[in-house]
Amino acid sequence: MTRELSETVVGPKARQVDGQMGTRFRLYPQTPDLDDPEEPETVYVSSPVGTVEEGPADHRMYTVFPIDKPTHYGLHDDDAGQPFLFLPPWDDDIHFPVQPGQDGHFDHIETDTPEFFMAHMFGVTRFTLDIWEGYFGRQIEWHFREDYDRLEISIIPKVDNAFLGWGFLEAGGMESEGKYSPFFLNFDVIAHEVGHAIVYSEIGLPSEHADEPEYFGFQESMADIVALMASLHFDSVTTSLLNNTSGNLYTYNKLSRFAEMSDNNQIRLAANDHVMSEFADGWDSEHKLSQPLTGAMFDIFVDLFHEELLLRDLIPPEMEEISDRLEGDPDYSNILQDDFDKFYALNPQGFKQALEMARDQLGTFVADALPMFGTRRISYSEFGKALEEVDQALTGGENYKIIHRNFLLREIGKYEPGPRLKKPDKHSHSLTDRTISPRDLEIE
Ligand SMILES: [Zn+2]
C-alpha cells in the first residue's frame, strides 16, 4: 500500500478533528437498552453548522415523525385488490420537528424524546453517507433522483422493520421478550439501509438484475460492509474491539471464536466461516447467501490490518508467520494471544491507527470497485476481479495475494449459487414491494 493512497482518503474523521466545520449530533454506536441507556457518542456530520434546519433537514435529506401513519411506504393493494404505490412525501400530521440549538448543533436533545429519535435517524444517515462519500471522493447520488431531490427519513414505531425505497428511509421497532427494541436508535440497521441506497445508485435496482442471483447476496453483503466500515468510525467501537482482542482479529476469526469477543452485531455477522458450496444446491435467503462474500471482505480487512501492523513495526514478522500456520490449532492461538497482548500494551494508539488505515484502505477499494463492477454481470468473483484491478491501479498490486486468497478460501468462483428455493418474504430487503419504482409499476 502506498502512502499516497491514505492521504487521498478524506473521511469524516478530518471533519471531526476540525469540528467547527460540521454539525454535532449524538449517536448510539450500539442500540441502547431503553431501561438503562449508555451515553451516546458525539460526532460531526459534514453539513456545515448553521445549514441543518429544523427537522432535522439539509439539502440531501429531511426527517419527519408522522402521527397515525397507517402503513409503511411501498407497494400495497387497495380495497379492490388493485396494486398502488404509497410514496413520499408524508404531508399529514407530524410530531413537532426538532429545532437546532442556538449554536446550530443538534447535541442538546434529551435522549428519551421523539426529538432525539428524529435527530438520531438523521445523524446516522448523514454520518454513514459522509463516510462513504469520503471514500468515493464525490457525492453519491440518490437512485430515485428523477422523482425526488431529497431522501425522506421517517419513524413509524409500530412497524417491525426498516425500509429503504423510492425516496424514503423508514424505521420502526420490534417487541422482543417484553422489551421494545427501536430500529431508529440502531446504528447498524440504519447504516445498512444507507448501504442499500449506495448499491442501488451505483449498481442498479433488483428489477434490473432479476436473473443474477448473486446480485441479491451482493446487495446484503455490501449493505453490511457499508455499516461495518461506518461503525468503525466510532472511537468506542474500535477501542473496545482492540481492548477485547489486543488486535488479534486474525486468530479469533480463523477459529470462529472472534464473534464471541465482540459486542458489535455487524462484526459478529462479518466474522463468519461460510463458503459458497453451502449454496450450490440452492438458497432461500439473500442474507445467508451474502455471508461468504462478507466473510471474505472481513478477512481482507483483517489481513490489511496485519500488514499495517508489520509496516509500522508494531508486531515482529515472526508473528505473522506463526499466524499463517495456525489455522484451526487452539494451542497456536494461545501462543499468539500472549504476543498480541504484549505488543498491543506497548502501543495501543499505534494499533488503533493501523486499524483505521486498514478500514480506510478497504473502504477506498470498495468505493473504486463498485462503479466499474456495476457495468458487468453481477457475481462475487467479478467483484473480486474489480477489487484486484483497483489494487493494481492504486498500489501496483501489493494486495493481490490478500484479495485473491480470501476469495478463493470462500470458494467464490468455484461454486455458483443454485436456484432460489423460496420466494422472498417480508424479511427480504430486495423485495419488490420495497424497492419498486413508479416506472416498474407502469411496466408491470
Ligand atoms: Zn439488507
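Residues numbered from 1 in each chain as written. Predicted model: local features only at pLDDT ≥ 70, side-chain atom pairs only at ≥ 80, totals over all residues.

A. Structural view of unusual backbone geometry. Residue Gly55 is joined to Pro56 through a cis peptide bond whose omega torsion reads 0 degrees. Structurally, the position occupied by Pro56 is in the loop between strand E2 (41-45) and strand E3 (61-64). Pro89 follows Pro88 through a cis peptide bond whose omega is 5 degrees. Looking at where Pro89 falls in the secondary structure, it is placed in the loop between strand E5 (83-86) and helix H3 (114-136). (Helix = DSSP H or I, 4+ residues; strand = E, 2+ residues; numbered from the N terminus.)

B. Looking closely at the packing of H3 against helix H4 (residues 187-203). With their axes 9 Å apart at the nearest point, H3 and H4 run at an angle of 50 degrees to one another. Classified by the angle their axes make, H3 and H4 are oblique. When you trace H3 past H4, the crossing you get is right-handed. Residues Met121, Val124, Thr125, Thr128, Leu129 and Trp132 of H3 pack against Phe187, Ile190, Ala191, Val194 and Ile198 of H4. In terms of residue class, the contact of H3 with H4 is built from 9 nonpolar, 2 polar and no charged. (Axes fitted to C-alpha atoms, helices over the stretch in contact; angles between N-to-C directions. Parallel < 35°, antiparallel > 145°, perpendicular 65-115°, else oblique. Left-handed = near helix turned anticlockwise from the far one by under 90°. Contact = placed C-beta atoms within 7 Å. Nonpolar A, V, L, I, M, F, W, Y, C, P; charged D, E, K, R; others polar.)

C. Geometry of the nonpolar core. Counting 116 residues, the largest nonpolar core has Met121, Ile190, Val226, Phe301, Phe305 and Ala369 as the members making the most contacts within it. When near neighbours in sequence (up to four residues on either side) are disregarded, Phe301 contacts Ala358, Arg359 and Leu362. (Core = buried A, V, L, I, M, F, W, Y, C linked by C-beta atoms within 7 Å. Buried ≥ 20, exposed ≤ 12 C-beta atoms within 10 Å, placed from the backbone.)

D. Highlighting the sheet that holds E3. Taken together, the 4 strands give an open sheet; going across it, the order is E3-E6-E8-E7, and neighbouring strands pair in mixed fashion. Sheet topology places E3 and strand E7 (162-165) at the edges, where each strand pairs with a single neighbour. The sheet shows a mean angle of 15 degrees between the axes of neighbouring strands, taken without regard to direction. Sheet analysis places E3 next to strand E6 (residues 151-155), joined by 4 bridges and oriented parallel. Its bridge partner lying in E6, Thr63 is registered against Ile153. (Pairing = 2+ DSSP bridges.)

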